Amino acid sequence: MGKAVKLSEFLQSNTNIELASVLVSLAEGCKIIARLVNNAGLSDIIGTTGDTNVQGETVQKLDDLSNKILMDYLRASETCAGYLSEENEGVVTLNTGGKYIISVDPLDGSSNIDVCAPIGTIFNICERLTKAGEEVNNDDFFQKGTTTKAGGYAIYGSSTIVVLSTGNGVNGFTYGAEENDFFLSHPNMTMPEKGKIYSLNQGNAAKFDESVQNFIAYCTVVDKETSRPYSLRYIGSMVGDLHRNLIKGGIFVYPANKGEKKGKLRLLYECIPMSYLTEQAGGKASDGHQRILDIQPVELHERTAIFIGSKNLVDKAEEFLRG
Ligand code: AHM
Ligand code: MG
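This one's a predicted model, so the numbers in the text were calculated from it and none came from an experiment. (Residues numbered from 1 in each chain as written. Chains lettered and ligands numbered in written order. Predicted model: local features only at pLDDT ≥ 70, side-chain atom pairs only at ≥ 80, totals over all residues. Heavy atoms only, no water.)

Explain the nonpolar core to me, using residue names and the numbers behind them.
Considering soluble globular proteins, one finds that nonpolar side chains tend to be buried as a cluster. Counting 38 residues, the largest nonpolar core has Tyr 153, Val 163, Met 274, Ile 292 and Ile 306 as the members making the most contacts within it. For this core, the secondary-structure elements that each account for two or more residues are β3 (80-85), β6 (119-127), β7 (150-156), β8 (160-165), α6 (238-248), β13 (251-254), α7 (267-280) and β15 (306-309). What Met 274 contacts, discounting residues up to four positions off in sequence, is Ile 122, Tyr 153, Met 238, Val 239, Leu 242 and Ile 308. If you look at the next biggest cluster of nonpolar residues, it comprises 37 residues, including Cys 30, Ala 34, Cys 80 and Ala 150. (Core = buried A, V, L, I, M, F, W, Y, C linked by side-chain atoms within 4.5 Å. Buried < 20%, exposed > 50% of the residue type's maximum accessible area, 1.4 Å probe, protein only. Helix = DSSP H or I, 4+ residues; strand = E, 2+ residues; numbered from the N terminus. Contact = heavy atoms within 4.5 Å.)

Rendered as structure tokens:
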């Protein structure tokens, strides 16, 4: 591996010691999740727990395990005060003396576990608002994405990669199994300004507003000048779809629709961190009308429509939504 920079070394020189501690603990938890995901077929951890989570969705065994692993590892980082997760109804105080709070989707895209497709962990870190020594409360988590101090994801795919930003661009760190560590492999990642991929569940098109249907139709028109038709690529795993579009250029869309008035994806631990990361990479993220990072959260598990990725495509989608 030569002189490759370790994630912990990178964080030491690029952020403060308290934030680095939270991120290193998180990455340690992600190593364990990666191992579980890689070996899922060998242990009795594929399938559902028989429970539903706070969103009314079926809990996969690995969702539940990943949530517990992250809580344990983050508790060990004494600088992490509070924890919000897709899998917990309320917020959890981990260390009353900690400076930061974290919102996570422990295993996003978990319905893909059984079919060996990429899945991931998404995280967003802010400074707490309550005082050191107190329990955390919901208000600590009701912060706009403009206050985010670090955000990103771990993808468990053909490689395990942590992609993150601490406010100064985006970097990716690949897990080296032999060394049992993450190494800088994707420095200064940038979202291509002009994407040629669109990613959405087109099977739901009849339930979308006409404006979104018109955007889809635009993507499929033949036009040499704008390199259309664009390619449709959709795994059904936001981390997988966004990671590909970050590297190749494209737009990921989960719009509001007839059954889901605010879309499906959660603001605090899916849309804000992905939008923060995308903006840090030079891309754009919107609910179709306003910047995701400008939305004031009012509920822990609230949802939002999202249009995220290369600037040209998000601009175009907004143009259609404006009518
Ligand atoms: P999850 O957090 O329960 O795994 O759900 C989120 C996932 C995203 O990763 C993905 O983009 C989306 O759900 C796919 O939804 P759909 O199957 O409706 O296309
Ligand atoms: Mg999710």
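Tell me about the coordination of the magnesium ion (ligand 2), and name the residues and values.
Summarising the metal site, the magnesium ion (ligand 2) is bound by the protein donors Asp 105 (OD), Asp 108 (OD) and Glu 270 (OE), whose distances to it range over 1.8 to 2.0 Å. Within one chain, the residues donating to the magnesium ion (ligand 2) are spaced in sequence as D-x2-D-x161-E. With respect to burial, Asp 105 and Asp 108 carry one shared label: buried. (Donors = N, O, S within 2.8 Å, 3.2 Å for Na, K, Ca; no water.)

Can you break down the domain arrangement of the protein residue by residue, with the values?
Segmenting the protein into domains produces domain 1 (7-186) and domain 2 (197-322). One C-alpha centre belongs to domain 1, the other to domain 2; they are set 23 Å apart. On the side of domain 2, 32 residues touch domain 1, which itself brings 47 residues to the contact. At the boundary of domain 1 with domain 2, total buried surface from both sides reaches about 3,000 Å², with 63% on carbon and sulfur atoms. Among the residues domain 1 hides against domain 2, the three largest losses belong to Phe 142, Lys 144 and Tyr 153. Together they make up 21% of the total. (Domains from an automatic or database assignment. Buried area = accessible area lost by both parts, 1.4 Å probe.)

Please give an account of helix α2 (residues 17-38) that cites residues and values.
Given 3.6 residues to a turn, an α-helix orients residues that are three or four positions apart in the same direction. Spanning 22 residues, α2 covers 31 Å between terminal C-alpha atoms, matching the ideal 32 Å at 1.5 Å per step. Looking at where α2 begins, the residue whose side-chain oxygen comes 3.0 Å from the main-chain nitrogen of Glu 18 is Asn 16. (Expected span 1.5 Å × (residues − 1). Polar contact = N/O pair within 3.5 Å; in protein donor to acceptor, adjacent residues only side chain to side chain.)

Go over the pattern of salt bridges, please, and point to the residues and values.
One pass over the structure, following the stated rule, counts 15 salt bridges. Between Lys 6 and Asp 181 there is a salt bridge, and its shortest N-O distance comes to 3.9 Å. Linking Lys 6 in the segment before α1 (7-14) with Asp 181 in strand β10 (residues 181-186), this pair joins segments that are 175 residues apart in sequence. We classify Asp 181 as buried; its relative accessible area is 16%. Here Lys 284 and Asp 315 are joined by a salt bridge, their closest N and O atoms 2.6 Å apart. Here Asp 315 lies in helix α8 (residues 311-322) and Lys 284 lies in strand β14 (residues 284-286), a separation of 31 residues in the sequence. Take Lys 284: its relative accessible area is 22%, and that puts it in the partly exposed class. One continuous salt-bridge network, built from bridges that share partners, spans Lys 284, Lys 311, Asp 315 and Glu 318. (Salt bridge = Lys/Arg side-chain N within 4 Å of Asp/Glu carboxyl O.)

How would you summarise the packing of α1 against α2 if you had to cite specific residues and measurements?
The N-to-C vectors of α1 and α2 enclose an angle of 165 degrees; their axes lie 10 Å apart at closest approach. Considered as vectors, α1 and α2 are oriented roughly antiparallel to each other. Note that α1 runs across α2; the crossing there is right-handed. For the pair formed by α1 and α2, the contact residues are Leu 7, Ser 8 and Leu 11 on the first element and Ala 20, Leu 23, Val 24 and Ala 27 on the second. Considering only residue class, the contact of α1 with α2 consists of six nonpolar, one polar and no charged. (Axes fitted to C-alpha atoms, helices over the stretch in contact; angles between N-to-C directions. Parallel < 35°, antiparallel > 145°, perpendicular 65-115°, else oblique. Left-handed = near helix turned anticlockwise from the far one by under 90°. Nonpolar A, V, L, I, M, F, W, Y, C, P; charged D, E, K, R; others polar.)

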